[in-house]
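Listed below, chain by chain, are the residues.
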Amino acid sequence: LIDCICNSRKVLCVSHVDPDGDAYGSLLAMVSLLQTLGKQPTPAMHDPLLEDFRFLPGASAIVAPHSVGDDYDLILCLDASSPDRMGAVYQADKHAHIPLAVIDHHITNTNFGTINWVEGTCAATCQMVAYLALALEVPLAGALATCLLTGVVTDTLCFRTSNTTPEVLEIAMQLQLGGANLPDIVQRTLNRMPY
(Lines give C-alpha, C1' and ligand atoms only; values in the text may rest on other atoms or scores of the structure.)
Protein backbone atom coordinates (compact mmCIF):
# COMPACT_ATOMS: atom_id res chain seq x y z
CA LEU A 1 0.00 0.00 0.00
CA ILE A 2 2.77 2.44 0.93
CA ASP A 3 4.65 1.70 -2.31
CA CYS A 4 1.45 2.15 -4.31
CA ILE A 5 0.79 5.53 -2.68
CA CYS A 6 4.38 6.70 -3.07
CA ASN A 7 4.43 5.74 -6.77
CA SER A 8 1.15 7.49 -7.56
CA ARG A 9 0.61 11.12 -8.48
CA LYS A 10 -3.08 11.63 -9.23
CA VAL A 11 -5.33 9.82 -6.74
CA LEU A 12 -9.10 9.44 -6.54
CA CYS A 13 -10.28 9.09 -2.92
CA VAL A 14 -13.76 7.73 -2.27
CA SER A 15 -15.79 6.56 0.72
CA HIS A 16 -19.20 4.97 1.18
CA VAL A 17 -22.80 5.93 0.44
CA ASP A 18 -24.84 7.33 3.34
CA PRO A 19 -21.59 8.68 4.85
CA ASP A 20 -20.89 9.07 8.55
CA GLY A 21 -18.10 10.76 10.49
CA ASP A 22 -15.57 8.02 9.76
CA ALA A 23 -16.35 8.16 6.03
CA TYR A 24 -15.85 11.92 5.85
CA GLY A 25 -12.98 11.91 8.31
CA SER A 26 -10.97 9.18 6.59
CA LEU A 27 -11.65 10.60 3.12
CA LEU A 28 -10.58 14.14 3.99
CA ALA A 29 -7.69 12.97 6.17
CA MET A 30 -6.39 10.93 3.24
CA VAL A 31 -6.63 13.98 1.00
CA SER A 32 -4.64 16.03 3.53
CA LEU A 33 -2.07 13.24 3.87
CA LEU A 34 -1.65 12.91 0.10
CA GLN A 35 -1.30 16.68 -0.33
CA THR A 36 1.46 16.69 2.29
CA LEU A 37 3.22 14.03 0.20
CA GLY A 38 2.95 16.22 -2.91
CA LYS A 39 0.19 14.20 -4.59
CA GLN A 40 -2.92 15.45 -6.41
CA PRO A 41 -5.92 13.87 -4.63
CA THR A 42 -9.56 14.24 -5.65
CA PRO A 43 -12.15 13.48 -2.95
CA ALA A 44 -15.45 12.15 -4.29
CA MET A 45 -18.69 10.95 -2.69
CA HIS A 46 -21.90 9.50 -4.05
CA ASP A 47 -24.06 11.63 -1.73
CA PRO A 48 -24.16 15.43 -1.30
CA LEU A 49 -22.16 16.81 1.62
CA LEU A 50 -24.03 16.60 4.91
CA GLU A 51 -24.40 19.89 6.76
CA ASP A 52 -23.00 18.50 10.03
CA PHE A 53 -19.65 17.76 8.38
CA ARG A 54 -19.12 21.04 6.50
CA PHE A 55 -16.76 22.13 9.29
CA LEU A 56 -14.17 19.54 8.28
CA PRO A 57 -11.12 20.98 6.49
CA GLY A 58 -11.38 20.29 2.77
CA ALA A 59 -15.05 19.28 2.83
CA SER A 60 -16.00 21.84 0.18
CA ALA A 61 -13.62 20.15 -2.30
CA ILE A 62 -15.60 16.88 -2.37
CA VAL A 63 -16.91 16.30 -5.90
CA ALA A 64 -20.00 14.49 -7.17
CA PRO A 65 -19.83 11.29 -9.26
CA HIS A 66 -20.40 13.11 -12.56
CA SER A 67 -17.15 15.07 -12.00
CA VAL A 68 -15.00 11.94 -11.65
CA GLY A 69 -12.78 11.11 -14.61
CA ASP A 70 -10.68 8.07 -15.45
CA ASP A 71 -7.16 9.53 -15.53
CA TYR A 72 -6.00 8.52 -12.04
CA ASP A 73 -2.92 6.52 -11.06
CA LEU A 74 -4.66 5.09 -8.01
CA ILE A 75 -8.10 4.85 -6.42
CA LEU A 76 -8.20 4.77 -2.62
CA CYS A 77 -11.44 3.43 -1.15
CA LEU A 78 -11.93 4.26 2.52
CA ASP A 79 -14.31 2.75 5.08
CA ALA A 80 -16.29 0.75 2.49
CA SER A 81 -16.74 -3.01 2.82
CA SER A 82 -17.81 -3.80 -0.76
CA PRO A 83 -17.63 -2.11 -4.19
CA ASP A 84 -21.33 -1.22 -4.29
CA ARG A 85 -20.78 0.96 -1.19
CA MET A 86 -18.85 3.43 -3.39
CA GLY A 87 -22.08 4.24 -5.21
CA ALA A 88 -21.82 5.92 -8.60
CA VAL A 89 -18.30 7.27 -7.96
CA TYR A 90 -16.65 3.99 -8.95
CA GLN A 91 -17.59 2.69 -12.39
CA ALA A 92 -16.03 -0.67 -13.18
CA ASP A 93 -16.08 -0.14 -16.96
CA LYS A 94 -14.30 3.21 -16.60
CA HIS A 95 -11.97 2.48 -13.68
CA ALA A 96 -11.05 -1.22 -13.98
CA HIS A 97 -7.57 -0.38 -15.36
CA ILE A 98 -6.69 1.71 -12.28
CA PRO A 99 -5.25 0.02 -9.15
CA LEU A 100 -7.82 0.04 -6.32
CA ALA A 101 -6.55 0.13 -2.74
CA VAL A 102 -9.03 -0.55 0.06
CA ILE A 103 -8.52 0.69 3.63
CA ASP A 104 -11.29 -0.46 5.96
CA HIS A 105 -11.97 -1.62 9.52
CA HIS A 106 -15.14 -3.65 8.89
CA ILE A 107 -14.77 -7.41 9.37
CA THR A 108 -17.41 -7.85 6.65
CA ASN A 109 -15.06 -6.43 4.00
CA THR A 110 -15.04 -8.56 0.83
CA ASN A 111 -11.39 -7.73 -0.05
CA PHE A 112 -12.46 -6.33 -3.41
CA GLY A 113 -9.41 -4.19 -4.08
CA THR A 114 -6.15 -4.76 -5.89
CA ILE A 115 -4.61 -4.07 -2.47
CA ASN A 116 -6.63 -4.66 0.70
CA TRP A 117 -5.75 -3.40 4.18
CA VAL A 118 -8.61 -4.56 6.38
CA GLU A 119 -8.10 -4.33 10.13
CA GLY A 120 -11.13 -5.43 12.12
CA THR A 121 -9.44 -4.68 15.45
CA CYS A 122 -9.43 -0.95 14.69
CA ALA A 123 -12.39 1.08 15.93
CA ALA A 124 -12.46 3.32 12.85
CA THR A 125 -10.86 3.65 9.44
CA CYS A 126 -9.53 6.98 10.70
CA GLN A 127 -7.47 5.05 13.23
CA MET A 128 -5.89 3.14 10.33
CA VAL A 129 -5.21 6.33 8.36
CA ALA A 130 -3.46 7.71 11.46
CA TYR A 131 -1.19 4.66 11.47
CA LEU A 132 -0.55 5.14 7.75
CA ALA A 133 0.38 8.79 8.31
CA LEU A 134 2.82 7.79 11.04
CA ALA A 135 4.35 5.13 8.76
CA LEU A 136 4.80 7.81 6.07
CA GLU A 137 6.29 10.19 8.67
CA VAL A 138 3.51 12.74 8.25
CA PRO A 139 2.74 14.58 11.54
CA LEU A 140 -0.70 14.02 13.06
CA ALA A 141 -1.44 17.74 13.18
CA GLY A 142 -3.69 20.47 11.86
CA ALA A 143 -6.40 19.55 9.35
CA LEU A 144 -5.25 15.93 9.29
CA ALA A 145 -5.70 15.61 13.07
CA THR A 146 -9.16 17.21 13.02
CA CYS A 147 -10.44 14.89 10.29
CA LEU A 148 -9.00 11.79 11.95
CA LEU A 149 -10.34 12.57 15.41
CA THR A 150 -13.80 13.18 13.93
CA GLY A 151 -13.89 9.64 12.56
CA VAL A 152 -12.61 8.10 15.77
CA VAL A 153 -15.07 10.07 17.92
CA THR A 154 -18.12 9.30 15.80
CA ASP A 155 -17.39 5.59 15.30
CA THR A 156 -16.78 5.05 19.03
CA LEU A 157 -19.69 7.30 20.10
CA CYS A 158 -17.14 9.41 21.96
CA PHE A 159 -15.14 6.45 23.33
CA ARG A 160 -18.14 4.55 24.67
CA THR A 161 -18.15 1.45 22.43
CA SER A 162 -16.62 -1.90 23.35
CA ASN A 163 -13.86 -1.51 20.73
CA THR A 164 -12.44 1.59 22.47
CA THR A 165 -9.07 0.08 23.29
CA PRO A 166 -5.96 1.71 24.78
CA GLU A 167 -4.67 1.97 21.19
CA VAL A 168 -7.71 4.04 20.20
CA LEU A 169 -7.20 6.35 23.18
CA GLU A 170 -3.49 6.65 22.36
CA ILE A 171 -4.27 7.79 18.81
CA ALA A 172 -6.93 10.20 20.11
CA MET A 173 -4.40 11.71 22.50
CA GLN A 174 -1.86 12.18 19.67
CA LEU A 175 -4.52 13.84 17.53
CA GLN A 176 -5.44 16.24 20.33
CA LEU A 177 -1.78 17.05 20.84
CA GLY A 178 -1.71 17.79 17.11
CA GLY A 179 -4.40 20.43 17.51
CA ALA A 180 -7.69 18.55 17.07
CA ASN A 181 -10.36 20.07 19.33
CA LEU A 182 -12.23 17.18 20.98
CA PRO A 183 -15.07 19.20 22.61
CA ASP A 184 -15.72 21.06 19.34
CA ILE A 185 -15.85 17.83 17.32
CA VAL A 186 -18.22 16.20 19.82
CA GLN A 187 -20.46 19.28 19.79
CA ARG A 188 -20.57 19.46 15.98
CA THR A 189 -21.25 15.75 15.45
CA LEU A 190 -22.64 13.61 18.27
CA ASN A 191 -24.33 16.39 20.25
CA ARG A 192 -26.21 17.59 17.17
CA MET A 193 -27.83 14.23 16.49
CA PRO A 194 -31.60 14.23 17.08
CA TYR A 195 -32.68 11.93 19.92
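Use the structure listed above.
I will try to describe carefully the structure that is included in this document. This is a predicted model, so every value here is computed, not measured.

Observations concerning the overall build of the protein
In terms of helices and strands, the protein carries seven helices and five strands. Element order for the protein, N to C, with α for helix and β for strand: α-β-α-β-β-α-β-β-α-α-α-α. Taking 195 residues into account, the globule formula puts the C-alpha radius of gyration at 16 Å, and the protein, at 15 Å, falls close to it. With respect to the three principal axes, the spread of C-alpha positions in the protein is 45 × 35 × 30 Å. By residue count, 51% of the 195 residues in the protein fall in the buried class. Look at the contacts in the protein between residues 6 or more apart in sequence, and 71% of them connect residues 24 or more apart. Only carbon and sulfur atoms are counted for the fraction: they give 53% of the accessible area of the protein, which is about 8700 Å².

Focus: the pattern of salt bridges
Applying the stated criterion to the full structure yields three salt bridges. Of the charged contacts, one joins Lys-10 and Asp-71 as a salt bridge, the two residues approaching to 2.5 Å between their closest N and O atoms. In this pair, Lys-10 sits in strand β1 (residues 10–14) while Asp-71 sits in the loop between β2 (40–44) and β3 (74–78), placing the two residues 61 residues apart along the sequence. Residues Arg-188 and Asp-184 are paired through a salt bridge, measuring 3.0 Å at the closest nitrogen-oxygen approach. Highlighted residues: Arg-188 and Asp-184, both in helix α7 (residues 182–188), separated by four residues, approximately one helical turn.

Here we look at unusual backbone geometry
With a phi angle near 50°, Leu-157 is a residue other than glycine that sits in the positive phi range. Looking at the secondary structure, you find Leu-157 in the loop between α5 (142–155) and α6 (166–177). Taking relative accessible area as the criterion, Leu-157 reaches 39% and is therefore assigned partly exposed.

Reading the values: rules and limits
- Residues numbered from 1 in each chain as written.
- Predicted model: local features only at pLDDT ≥ 70, side-chain atom pairs only at ≥ 80, totals over all residues.
- Heavy atoms only, no water.
- Helix = DSSP H or I, 4+ residues; strand = E, 2+ residues; numbered from the N terminus.
- Rg over C-alpha atoms; globule rule 2.2 N^0.38 Å.
- Buried < 20%, exposed > 50% of the residue type's maximum accessible area, 1.4 Å probe, protein only.
- Contact = heavy atoms within 4.5 Å.
- Areas by Shrake-Rupley, 256 points an atom, 1.4 Å probe, with all protein chains shown as cover.
- Salt bridge = Lys/Arg side-chain N within 4 Å of Asp/Glu carboxyl O.

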